[in-house]
Amino acid sequence: MSVLSEPLFHNIPLCAIKPGMQLDFNLYLERENKFHLIVEKGDIYPEKLTDNIKNTNDLSEYFYIHLTEKPSYDNHIESYLKKISSDDTIPLNEKSLLVYKSTSDAINDLLKNPESKKSLERTKTLVDHTINIILNYDTSIKSMMSIGSHDYYTYTHSVDVSVFVIGFANYLGFSFENLRNIGYAAMMHDIGKNKIPHEIINKNGKLTDEEFSLMKSHPCHSYDVLKFHDEINEDILMGVRSHHEKARGNGYPDGLKLHEINDFAKIISLCDIFSALTTKRSYKNAFSSFKSLQMMKQEMINDFDEKLFYDFIRFIGKSCTHN
Ligand SMILES: [Fe+2]
């Protein structure tokens, strides 16, 4: 019998490490499936090493760290992100990549351990970084989406949805505090999928009735995880619980009608569907933004708050066609 083991190394973007930084972890490069130590813990990252790697290496996009040292790396990237958040000399694509990758790592950690206060706190800080980027750069949504994984994982999907949700809520004029709350709800909306077997989430074909009813339990699981943490408010909780409700009452888990669905949930739902359509899955290719909006209009318009849907079309038109 073969047993698949968890990977021992974790990839981090090249731009997370700059010359002159003293490293609190060993740094590796991967070549031909082997990990080579390039900078030892405690040493200063040398000038020009990244340039040399980019010039000579076979398109390495990542460094690697040993998983046991991930907490040290998390501290490193947290303080680095804080430092560069208002630094205009760091290009948007670099900031976007660091925030996107750190956030999807944090959600992935949360999926494995949803009760972790520390991961929850990290996710909140990363929501603030995402808001910061979206408020400060007109092209931020396009930039974040160009990083977005082209394949589907629950953790990257959660980041994609929250980028659209924060952008759309900002377009609708939400206050900073509400951007934080809805961004947080969007990050956490599918966290309950950790209770659903992987084979069902990625099934290549139609779900059986039994599988579908299991799948339909994930918003309640997400809600239960968040309820466990006392500082989460009602809007966040209901935004998460109701993100699969539909205007005519045929959604789940509570079969709510349009006027009963909380505003956070209506926004998350639109962004969730749009993100799912524009992402490649094992059973379908990614649709273009235009085609996705067209399908939503033709096939799902009765599921939505119509006015909000037309606002969403305008928002996508504005933020995804920007140069
Ligand atoms: Fe969901």
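Counting from 1, residues in each chain are numbered in the order their sequence is written. Only residues with pLDDT of at least 70 are given local features in this predicted model, and only at 80 or more are side-chain atom pairs given and counted; all residues enter the totals for whole chains, interfaces and linings. Only heavy atoms go into the side-chain values, all of them from the structure, while hydrogens and water stay out.

Focus: the coordination of the iron ion
This is how it is decided: Only N, O and S atoms count as donors, using a 2.8 Å cut-off from the metal and 3.2 Å for Na, K and Ca, and because water is excluded some sites may appear unfinished. Labels for metal geometry use angle windows, namely 85 to 135 degrees for all angles of a four-donor tetrahedral site, and for square planar (four donors) or octahedral (six donors) sites opposite donors over 155 degrees apart plus all others within 65 to 115; sites meeting none of these are irregular. By definition, any uninterrupted DSSP run of H or I lasting at least four residues is a helix, any uninterrupted run of E lasting at least two residues is a strand, and each is numbered from the N terminus. Per-residue accessibility, obtained with a 1.4 Å probe over protein chains only, is compared with the maximum for each type, and a residue is labelled buried under 20%, exposed over 50%, and partly exposed between these values.
The iron ion binds to the protein through Asp 190 (OD), His 218 (NE2), His 243 (NE2) and His 244 (NE2); the donor distances cover 2.2 to 2.3 Å. One can describe the donor arrangement at the iron ion as irregular, given that its 4 donor atoms subtend angles of 83 to 172 degrees at the metal. Counting residues between consecutive donors of the iron ion along the chain gives the motif D-x27-H-x24-H-H. Taken as a pair, Asp 190 in the loop between helix H7 (176-188) and helix H8 (198-201) and His 243 in the loop between helix H11 (234-241) and helix H12 (263-277) lie far apart in primary sequence, 53 residues in all. This pair shows no difference in class: Asp 190 is buried, exactly as His 243 is.

What to know about helix H2 (residues 70-84)
Going by this rule: Each residue after the first adds 1.5 Å to the expected span of a helix. We call two residues in contact whenever any of their non-hydrogen atoms come within 4.5 Å of each other.
For H2, built from 15 residues, the straight-helix expectation of 21 Å at 1.5 Å per residue is met to within 8% by its first-to-last C-alpha distance of 21 Å. If you follow the buried residues of H2, they end up packed against strand S1 (9-13), strand S4 (62-66), helix H3 (92-112) and helix H4 (117-136).

Considerations on the packing of aromatic side chains
Rules: Each Phe, Tyr or Trp ring (for Trp, its six-membered ring) is paired with any other whose centre lies within 6.5 Å, and the angle between the two planes then decides the class: stacked below 30 degrees, edge-to-face above 60, tilted in between.
According to the stated counting rule, one finds 16 aromatic pairs in the structure shown. Note on Phe 212 and Tyr 252: the rings are 6.2 Å apart at their centroids and 85 degrees apart in plane angle, and the pair reads as edge-to-face. Taken together, the positions of Phe 212 in helix H9 (residues 209-215) and Tyr 252 in the loop between H11 and H12 put the pair 40 residues apart, joining distant regions of the chain. Overall, Phe 212 belongs to the partly exposed group, its relative accessible area being 38%. Ring geometry for Phe 274 against Phe 312: centres 5.4 Å apart, planes inclined by 80 degrees, an arrangement best described as edge-to-face. Taken together, the positions of Phe 274 in helix H12 and Phe 312 in helix H14 (residues 306-320) put the pair 38 residues apart, joining distant regions of the chain.

Quick word on helix H5 (residues 140-147)
Let me state the cut-off plainly: Think of it as the arc spanned by the lines of direction from the helix axis to the C-beta atoms.
Of the residues making up H5, those classed as buried are Ser 140, Ile 141, Ser 143 and Met 144. Along H5, the residues classed as buried sweep out an arc of 160 degrees about the axis, all on the same side. The elements touched by buried residues of H5 are H3, H4, helix H6 (154-171) and H14.

Concerning the packing of H3 against H6
Inclusion rule: What counts as an axis is a line fitted to C-alpha atoms, over the stretch in contact for a helix, and the angles between N-to-C directions run from 0 to 180 degrees. Here roughly perpendicular refers to angles of 65 to 115 degrees, roughly parallel to angles under 35, roughly antiparallel to angles over 145, and oblique to all remaining angles. Crossing handedness is read from the near helix: turned anticlockwise from the far helix by less than a right angle, it gives a left-handed crossing, and turned clockwise, a right-handed one.
With their axes 8 Å apart at the nearest point, H3 and H6 run at an angle of 125 degrees to one another. Classified by the interaxial angle, the pair formed by H3 and H6 is oblique. Seen along the crossing, H3 lies across H6 with a hand that is right-handed. On H6, the residues that touch Tyr 100, Thr 103, Ser 104, Ile 107, Asn 108 and Leu 111 of H3 are Thr 154, Tyr 155, Thr 156, Ser 158, Val 159 and Asp 160.

As for the nonpolar core
Worth spelling out the cut-off: For our purposes a nonpolar core is just a set of buried Ala, Val, Leu, Ile, Met, Phe, Trp, Tyr and Cys residues, chained together by side-chain atoms within 4.5 Å. Those domain boundaries reflect an automatic or database domain assignment.
Grouped together as the largest cluster of nonpolar side chains are 80 residues, with contacts concentrated most on Ile 17, Leu 27, Phe 63, Met 296 and Phe 312. The two domains that each donate at least three residues to this core are domain 1 (1-72) and domain 2 (85-320). If near-sequence neighbours (up to four positions away) are discounted, Met 296 is found in contact with Leu 270, Ile 273, Phe 274, Leu 277, Ile 301, Phe 304, Phe 309 and Phe 312. Grouped together as the second largest cluster of nonpolar side chains are 5 residues, Ile 196, Ile 200, Ile 201 and Met 215 included.

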